[in-house]
Amino acid sequence: MKWSEIGLILLALAAVAGLFSVVSGGQQIVANEDGTFSETDPLLLIEHDFAEICFGSGFRDVPSASADTIVKSMDLLNTVSVHQANLYMTRTLRSRGFDHVVTYLVPNRGLSFVCHTPDGEPLRFELNDTGM
């Protein structure tokens, strides 16, 4: 085996290790006192909270007009009014440490919540009212 082949093998191993660290570094999992594990990512926690009033298992990613803004979309359950959802989501955002800026009523569509994550990243939640 030549030195150049050994160098290529080491480079490939370093690339795989780097890829693994990037992929696995996004999720923070912390052990609780009772030995169970819980998620600490604020977007996953808020997604779990919003599941009580929305269809589906999670958010849908939406292409945004601004490249730096995260946009998530969800559909409101038919059993929850837009006003109840507005109150629930505003309180949940506050309790999870999100900086809620403003909520817009989008005619014939639903609500749009503009806020910032606890890390300060711009974020928008689109709540579609399917009963309209």
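Residues numbered from 1 in each chain as written. Predicted model: local features only at pLDDT ≥ 70, side-chain atom pairs only at ≥ 80, totals over all residues. Heavy atoms only, no water.

S.K.: Hey, could you run me through the pattern of salt bridges in this one?
M.R.: Side chains bearing opposite charge may pair, as long as their charged atoms lie close to each other. Using the criterion set out here, one finds four salt bridges in the structure. Between R96 and D49 there is a salt bridge whose closest N-O contact spans 2.7 Å. Placement of R96 in the loop between α3 (82–95) and β5 (99–106) and of D49 in helix α2 (residues 42–50) is noted, with a sequence separation of 47 residues between them. Judged by relative accessible area, which is 12%, D49 ranks as buried. Between R109 and E126 there is a salt bridge, and its shortest N-O distance comes to 4.0 Å. Of this pair, R109 sits in the loop between β5 and β6 (110–116) while E126 sits in strand β7 (residues 122–129), placing them 17 residues apart in sequence. Classification of E126 by relative accessible area gives buried; the value is 11%. Several salt bridges share partner residues, and in doing so they unite R109, R124 and E126 into one network. (Salt bridge = Lys/Arg side-chain N within 4 Å of Asp/Glu carboxyl O. Helix = DSSP H or I, 4+ residues; strand = E, 2+ residues; numbered from the N terminus. Buried < 20%, exposed > 50% of the residue type's maximum accessible area, 1.4 Å probe, protein only.)

S.K.: Just checking my understanding: could you explain the packing of aromatic side chains for this structure?
M.R.: Within a pair of aromatic rings, the relevant descriptors are the distance that separates the centres and the angle that separates the planes. Following the criterion strictly, the structure yields four aromatic pairs and no others. Look at F50 and F125: their rings are 5.3 Å apart centre to centre, the planes differ by 80°, and that puts the pair in the edge-to-face class. Linking F50 in helix α2 with F125 in strand β7, this pair joins segments that are 75 residues apart in sequence. Relative accessible area serves as the criterion here: at 1%, F50 is assigned to the buried category. Each ring, one from F59 and one from F125, has its centre 5.4 Å from the other, and the planes form 40°; the classification is tilted. Here the residue F59 occupies a position in the loop between α2 and β3 (60–61), and F125 occupies one in strand β7, the gap between them amounting to 66 residues. Residue F59 shares its accessibility class with F125, and that shared class is buried. Through successive ring pairs, a cluster of aromatic residues spans F50, F59, F98 and F125. (Phe/Tyr/Trp six-rings, centres within 6.5 Å; stacked < 30°, edge-to-face > 60°.)

S.K.: Help me understand the confidence of the model for the protein, please; the structure alone is not making it clear to me.
M.R.: A low pLDDT score tells you not to read the predicted coordinates there in detail. Averaged over every residue, the pLDDT of the protein is 81; the share at 70 or more is 80%. Confidence, read as mean pLDDT per element, is least for strand β1 (residues 29–31) in the protein (53) and greatest for α3 (93). (pLDDT = per-residue confidence, 0-100.)

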